[in-house]
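Here is how the chains run, residue by residue.
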Amino acid sequence: MAGLSGIEWGECVVPPRRDPELEDWAARELGTRLDLVPYLAHTPWQVRALVSHAFERGLFVHLHQELAELVWLAVSQDNSCRYCYDTHRALLRLTGIPEARMRRLEEQGFTADLDLPTRRACDFGRRLSRCNPPPDAEDVAGLREAGLSDGAVREIAWVASYAVAGNRISTLPALPPEPHEDMPERWTVRLLAPLVARRVRGRFRRGRPETQAAESLEGPYAFVVRLFEGLPTARVTREGIDDALASPILPARTKWLVCAVVARALGCARSESEAKRLLAAEGLAGEEVEGILRHLASPKLDRVETLAVPFARETVWYQTAQIQRKARELAKQISPAEFMELAGMAGVANRLCRLGALADALSWA
Amino acid sequence: MGLTGALALLAALLVLAALWWRSERERRRLRDRLVSASRELQNLQTSFARFAPEEIVERVIATGVETHGERKEVTALFADIVGYTALAESVEPTVLVRILNGYFERMSRAVTDHRGHVSTFVGDGVLALFGAFEPNPWQANDAVHSALAMRREVADYSRELGARGLPRLAIGVGLHRGSGVAGLVGSRDLMQYAFVGRTVNVASRVQDLTRVHGVDILLTGAVRETLDPRFRLRPLPPAELRGVARPVPLFAVEGHPDG
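Everything numeric in this text was worked out from a predicted model, so none of it was measured. (Residues numbered from 1 in each chain as written. Chains lettered and ligands numbered in written order. Predicted model: local features only at pLDDT ≥ 70, side-chain atom pairs only at ≥ 80, totals over all residues. Heavy atoms only, no water.)

## Quick look at the overall build of chain B
In step 1: Check the secondary structure of chain B and you find seven helices and eight strands.
In step 2: Burial analysis of chain B (259 residues in total) assigns 43% to the buried set.
In step 3: Sequence separation of at least 24 residues holds for 66% of the intrachain contacts in chain B that already meet a minimum separation of 6.
In step 4: As displayed, chain B has an accessible area near 14,400 Å², and 56% of this comes from carbon and sulfur atoms. (Helix = DSSP H or I, 4+ residues; strand = E, 2+ residues; numbered from the N terminus. Buried < 20%, exposed > 50% of the residue type's maximum accessible area, 1.4 Å probe, protein only. Contact = heavy atoms within 4.5 Å. Areas by Shrake-Rupley, 256 points an atom, 1.4 Å probe, with all protein chains shown as cover.)

Spelled out as structure tokens, the structure:
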């Protein structure tokens, strides 16, 4: 089998949570039933984000589906996320990319056999994902030279950052790979390949620029959301952050602590400053926060925060087997809902703080 | 078209078919060579990535060896075996190599489990760096936790060796934090990703002082400045170190509540 099936991938650390209404809704909205929905269902906001962030739902004004999926694949391959990589690989194969081409792309790490704009977009996505350091003005100039507009560059950054989040949400609990990842190889699908490809490609809708009232983008990490102002991705990002924050499973304080730790690890002063501002609103400020960030420990942390704060740091740069081992240990100490909320928030934090670092590096916001 | 014409057409088609087949075979051969070269490159890249940050690896592959470095703040850890010379003289070479390999395996694990990377093995010595590949604001804590893990690993390993009738091991570990330049250094024939600067030298000299003070883990004041106060430390007299203007504050590491 192709893809990342050779990557060591642990057993899933949370049981599925059946919610037929939520599952049916997601299946209707996505046009297919995904096995990961019952695992995300511990935190319904993640199911809603899965739907609202689906590429075929008119998110992109400037990008076409293949480019978006290839950026996703390049980032997921770099992060060794078997779930994300294999699922999107199967989707790309269903759109008509031959297996031979797919293997060539994989063997060359998405650096060859691609046109210039796509190659540079994949490089940019990888650099944003690694964020060591984040992409700089030279990288953006490279994308512009390749013919990509400013809007396209921002949408590429959005896709890469969403892959950063998605990879963590899949890797930390070790979500079981979708059983239909080998669907493109089934003889029925191969027989009807042109019809299947047409149907899959036909579901992708191009988005339209949006007029967004300034206050509709306000809220936590508004400076990141505004990077996509005028694009559907701004609205979807704003809604996703607010939905995550509204979830009652973990308190807001715990979520902003996760963001603060990730920002500190990435060295993004602006993202850290925003997290501290939000923590102050939750009654945690000044030297108390600094003390927590300095050593990732404090007697002021509650039971879950005592575990979440050092774990958040592990999610910034990781090896799959190692982070899954640590996640397994963590999952034994908190409930499945708390674990999935924490995994989701780690994804969100890594996404927001990498975009924050990019915005700083490029003076975008 | 008469028979002659038909035969001529057939001959032309056969020639074209032969030419096409030959070109297709050549294309497949070249493609297979490209695939094979790509695989070799990928394996090389994967192996090299263990010794240098991914960005460096990709830059080397894309544009050749770079000669500039980056200034970084790192914590250096130097560890070696106490009484190594006597050990080396007391066992057969093959046994020594097996003992050393087991020791290096455990030391490496103690480093990588705490987000460091092993920069080099020199004889029985291990140089590990924390904060060299990726920025690490918690590098001091990671480095000292790594040293404590080394202590535990050596104790376990020594029990194993003792049970097999082999000499037990003891280590000395020195830690120092400071800035320096990281990059690819060496000659055309042998290069490594290294950290150049006083920090590594000071860590090495501090490690030597573990024998003088009869302790296994020593760190400098620079490490202590950013260290979790929960580490139990015992202050020692400041040391005069060659190349360092002022006496360097030293602390022996006794433990941490989390192990």
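Following the structure, the description resumes.
## Some thoughts on helix 4 (residues 93-112) of chain B
Residues and elements named next belong to chain B.
In step 1: Between its first and last C-alpha atoms helix 4 spans 28 Å; for 20 residues at 1.5 Å apiece the expected length is 28 Å, and the two agree.
In step 2: Listed as buried for helix 4 are Val95, Leu96, Ile99, Leu100, Gly102, Tyr103, Phe104, Arg106, Met107, Ser108, Ala110 and Val111.
In step 3: The secondary structure elements touched by the buried residues of helix 4 are strand 1 (70-81), helix 3 (84-90), strand 2 (117-122), strand 3 (125-130), helix 5 (139-163) and strand 4 (171-186). (Expected span 1.5 Å × (residues − 1).)

## A closer look at the pattern of salt bridges
It is possible for side chains of opposite charge to pair when their charged atoms get near one another.
All names here are of chain B.
In step 1: Under the counting rule described, the total for this entry stands at 43 salt bridges over all chains.
In step 2: In this structure, arginine 177 engages glutamate 73 in a salt bridge whose closest nitrogen and oxygen atoms are separated by 2.9 Å. A residue pair is termed long-range when its members are at least 10 positions apart, and arginine 177 in strand 4 and glutamate 73 in strand 1 qualify at 104 residues.
In step 3: Judged by its relative accessible area of 38%, glutamate 73 falls in the partly exposed class.
In step 4: The partner of arginine 151 in a salt bridge is aspartate 216, and the shortest N-O contact between them spans 2.8 Å. (Salt bridge = Lys/Arg side-chain N within 4 Å of Asp/Glu carboxyl O.)

## Side note on the nonpolar core
In step 1: Core analysis: the biggest nonpolar cluster contains 111 residues, and A:Phe55, A:Phe60, A:Trp158, A:Val159, A:Tyr221 and A:Phe339 have the highest contact counts within it.
In step 2: Looking at this core element by element, the count peaks at 15 residues for helix 19 (residues 336-362) of chain A.
In step 3: Judged by nonpolar contacts, the second largest core, of 39 residues, contains B:Leu87, B:Val95, B:Leu96 and B:Phe251. (Core = buried A, V, L, I, M, F, W, Y, C linked by side-chain atoms within 4.5 Å.)

## Things to note about helix 7 (residues 116-130) of chain A
Residue and element names in this part refer to chain A.
In step 1: With 15 residues, helix 7 extends 21 Å between its outermost C-alpha atoms, agreeing within 8% with the 21 Å of an ideal straight helix rising 1.5 Å per residue.
In step 2: Three or more residues of helix 7 are buried, namely Thr118, Ala121, Cys122, Phe124, Gly125, Arg126, Leu128, Ser129 and Arg130.
In step 3: Trailing helix 7 by a residue or two, cysteine 131 shows a phi angle of about 50°, which is positive.

## What about the interface of chain A and chain B?
In step 1: Taken together, the contacts link 20 residues of chain A with 23 residues of chain B.
In step 2: If you look at where chain A meets chain B, you find two salt bridges.
In step 3: Between A:Arg313 and B:Asp142 there is a salt bridge, and its shortest N-O distance comes to 2.4 Å.
In step 4: For the pair chain A and chain B, the number of links is nine residue pairs in polar contact (both at pLDDT 80 or more).
In step 5: Elements represented by at least two residues in the side of chain A that touches chain B include exactly helix 6 (99-107), helix 7, helix 14 (252-266), helix 16 (286-295), helix 17 (303-314) and helix 18 (320-331) of chain A.
In step 6: Looking at side-chain class alone, the side of chain A that touches chain B contains six nonpolar, four polar and ten charged residues. (Polar contact = N/O pair within 3.5 Å; in protein donor to acceptor, adjacent residues only side chain to side chain. Nonpolar A, V, L, I, M, F, W, Y, C, P; charged D, E, K, R; others polar.)

## Examining the confidence of the model for chain B
In step 1: For chain B, per-residue confidence averages 87 on the pLDDT scale, and 85% of positions sit at 70 or higher.
In step 2: Model confidence for chain B, summarised as mean pLDDT per element, is weakest for helix 2 (residues 54-63) of chain B at 61 and strongest for strand 6 (residues 217-220) of chain B at 98. (pLDDT = per-residue confidence, 0-100.)

## With respect to the packing of helix 4 (residues 65-78) of chain A against helix 9 (residues 150-171) of chain A
Residue and element names in this part refer to chain A.
In step 1: At a minimum axis separation of 9 Å, helix 4 and helix 9 run at an interaxial angle of 45°. On the basis of their axis angle, the class for helix 4 and helix 9 is oblique. Here helix 4 and helix 9 pass one another in a crossing that is right-handed. Contacts between helix 4 and helix 9 involve Leu67, Ala68, Val71, Trp72, Val75 and Ser76 from the former and Ile156, Val159, Ala160, Tyr162, Ala163, Val164, Gly166 and Asn167 from the latter.
In step 2: In the contact of helix 4 with helix 9, the residues fall into eleven nonpolar, three polar and no charged. (Axes fitted to C-alpha atoms, helices over the stretch in contact; angles between N-to-C directions. Parallel < 35°, antiparallel > 145°, perpendicular 65-115°, else oblique. Left-handed = near helix turned anticlockwise from the far one by under 90°.)

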